[in-house]
Amino acid sequence: MKITKTQKGNSLYLALEGRLDTNTAPELEIAIKGSIDGIEELTIDMQSLDYLSSAGLRVLLGAQKTMNKQGSMRVTHVNDTIMEIFDVTGFADILTIDKE
Amino acid sequence: MQVEIKGKWREWEKMKELIIDATVENIEKVTEFVNQQLERLECSMKVQMQIDIAIDELFGNIAHYAYHPKTGTATVRVEVTENPLAVVITFIDNGTPYDPLATREPDISLSAEERQIGGLGIYMVKKSMDDISYEYREGKNILKIKKNI
């Protein structure tokens, strides 16, 4: 997985490319933990993400919990496969999701 | 009506097996192996992704827990069945007996603060596959998933 990180003031934008799974989820966790201090707006762009497994959901949940305390988080460009995963697991109710 | 197996499957064996060290690093190799078999079936991208996720969850579980703290091997078998056309993937290990289907289903209605991740992976697999079964036989964990193509 490739992670492109852009930070502007209190906003952090992470674009994910590839698969968010058992092997790559730790990379995202490190990228988020290393930059989340003082962030009030976190955007995770899934435009080029193929899919995610429960290991990825765990990292998203952790990020959402942190952002609930210090600001807001959005997940953008969610494809149909990923949206179905969010629906089935109830994550659609936890995350703020923009399909576009 | 008979459903014919598409593409080159008829020319190939209807069963393929990979025996590999059960490590997290090998999830990718297992995924590649299964995807190679799926390509012959011309299955949709969506089905392939659902199967890839299932591999991440199930082989990942074996890698993490079956032989912990040691390591061991696992067998991944891919078979194609007809009427209806389906792929059956069997994961076999000689590790600690563990029935993933016996785990409690996660409460997916809880808020972020109350959420637990345990059990979510197997829950996703149950929801996306057409059939899943587990048995412990002759010292082996045998977990089988079936997906209609």
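Residue positions within a chain follow its written sequence, with the count starting from 1. For this description, chains carry letters from A and ligands carry numbers from 1, given in the order in which they are written. Given that this is a predicted model, residues contribute local features only at a pLDDT of at least 70 and side-chain atom pairs are listed and counted only at 80 or more, while totals for whole chains, interfaces and linings are drawn from all residues. For the side-chain quantities, the full set of heavy atoms in the structure was used; hydrogens and water were omitted.

Two orientations exist for strands paired in a sheet by backbone hydrogen bonds: parallel and antiparallel. Residues and elements named next belong to chain B. Here we have 5 strands laid out as an open sheet, ordered β1-β2-β3-β5-β4, and antiparallel in their pairing. Edge positions in the sheet fall to β1 (15–21) and β4 (131–137), since each of these pairs with one other strand and no more. Taken over all neighbouring pairs, the strand axes of this sheet differ in orientation by 15° on average, direction set aside. DSSP bridges decide pairing: two strands pair if at least two such bridges lie between them. In this description a helix means any DSSP run of H or I spanning at least four residues, a strand means any run of E spanning at least two, and both kinds are numbered starting from the N terminus. Pairing of β1 with strand β2 (residues 73–81), which is carried by 7 bridges, proceeds in the antiparallel orientation. Considered in β2, the bridge of Met 15 is made with Glu 79. Running at roughly 10° to strand β3 (residues 86–93), helix α2 (residues 45–66) makes contact with β1, β2, β3 and β5 (140–148) of the sheet. Axis lines are fitted to C-alpha atoms, over the contacting stretch for helices. Their N-to-C directions set the angle, which ranges from 0 to 180 degrees. We call two residues in contact whenever any of their non-hydrogen atoms come within 4.5 Å of each other.

Residues and elements named next belong to chain A. One open sheet holds the 5 strands; their spatial order is β1-β2-β3-β4-β5, and the pairing between them is mixed. Taken across any chain shown, the strands that pair with only one partner, and hence form the sheet edges, are β1 (2–8) and β5 (97–98). Most of the contacts of helix α1 (residues 25–33) go to strand β2 (residues 11–20), to which it runs at about 175°, and overall it touches β1, β2 and β3 (41–52).

All right, on to the layout of surface pockets then. Vacant regions in the atomic arrangement are exposed by a probe of water-molecule size rolled over the atoms. Cavities and pockets are found on a 1 Å grid laid over the protein atoms alone: a cavity is a set of points where a 1.4 Å probe fits but cannot escape, a pocket is an open set with protein on both sides within 12 Å along at least five of seven lines, and a lining residue has an atom within 4 Å of such a point. Grid points are joined across faces, edges and corners, and a volume is the space filled by probe spheres set on the points. Empty space within the largest pocket amounts to approximately 390 Å³. Taken together, 19 residues form the lining of the largest pocket, with Ser 54 of chain A together with Glu 57, Asn 61, Tyr 65 and Gly 121 of chain B sitting closest to its centre. Breaking the lining of the largest pocket down by element, the ones donating at least two residues are α2 (54–70) of chain A together with α2 and α3 (120–128) of chain B. When residues of the lining of the largest pocket are assigned to their parent elements, the largest contribution, 6 residues, is made by α2 of chain B. Polar here means any residue other than Ala, Val, Leu, Ile, Met, Phe, Trp, Tyr, Cys and Pro, which are nonpolar, and Asp, Glu, Lys and Arg, which are charged; Gly is therefore polar. Across the lining of the largest pocket, the residue classes tally to 7 nonpolar, 9 polar and 3 charged.

Definition of nonpolar core: a set of buried residues of the types Ala, Val, Leu, Ile, Met, Phe, Trp, Tyr and Cys, connected through side-chain atoms within 4.5 Å. Burial classes: relative accessible area under 20% of the type maximum marks a residue as buried, over 50% as exposed, and values in between as partly exposed (1.4 Å probe, protein chains only). Residues Leu 42, Leu 57, Met 73 and Phe 86 of chain A are the most contacted members of the largest nonpolar core, which totals 39 residues. The element contributing the most residues to this core is α2 of chain A, with 7 residues. One finds Ala 74, Leu 85, Ile 122 and Val 125 of chain B within the second-largest nonpolar core, a separate group that totals 35 residues.

With that out of the way, let us pick up the environment of Lys 144 of chain B. Residue and element names in this part refer to chain B. Assignment of secondary structure puts Lys 144 in strand β5. Lys 144 sits in the partly exposed class, given a relative accessible area of 36%. Along the chain, Lys 144 and Gln 116 lie 28 residues apart, while their C-alpha atoms are 26 Å from each other.

Mapped onto the elements, Ser 53 of chain A comes out in the loop between β3 and α2. For Ser 53 of chain A, a relative accessible area of 0% gives the class buried.

Below, the discussion takes up the confidence of the model for chain B. Residue-level confidence of the predictor is summarised by pLDDT, bounded by 0 at the bottom and 100 at the top. Counting all residues, the mean pLDDT for chain B is 90, and 91% of those residues have values of 70 or more. Note on the complex model: pTM 0.91, ipTM 0.91.

Contacts between the two partners involve 23 residues from chain A, matched on the other side by 25 residues from chain B. The quantity reported as buried area is the accessible area (1.4 Å probe) lost by two parts once they are put together, taken as the sum for both. Summing both partners gives a buried area of about 2,000 Å² for chain A against chain B, and 62% of it is carried by carbon and sulfur. Of all residues in chain A, the largest losses of buried area upon contact with chain B belong to Thr 22, Tyr 51 and Val 88 of chain A, amounting jointly to 23% of the total for that side. Think of a salt bridge as a Lys or Arg side-chain nitrogen and an Asp or Glu carboxyl oxygen that are within 4 Å of each other. Linking chain A with chain B are 1 salt bridge, by the criterion used here. The term polar contact refers here to a pair of N or O atoms within 3.5 Å; inside protein, the definition further demands a hydrogen-donor-capable atom paired with an acceptor-capable atom, and it admits residues adjacent in sequence only when both atoms are side-chain atoms. Counting across the chain A and chain B interface gives 7 residue pairs in polar contact (both at pLDDT 80 or more). Where the side of chain A that touches chain B is concerned, the elements lending two or more residues are β3, α2, α3 (80–89) and α4 (91–94) of chain A. The element that contributes the greatest number of residues to the side of chain A that touches chain B is α2 of chain A, accounting for 7 residues.

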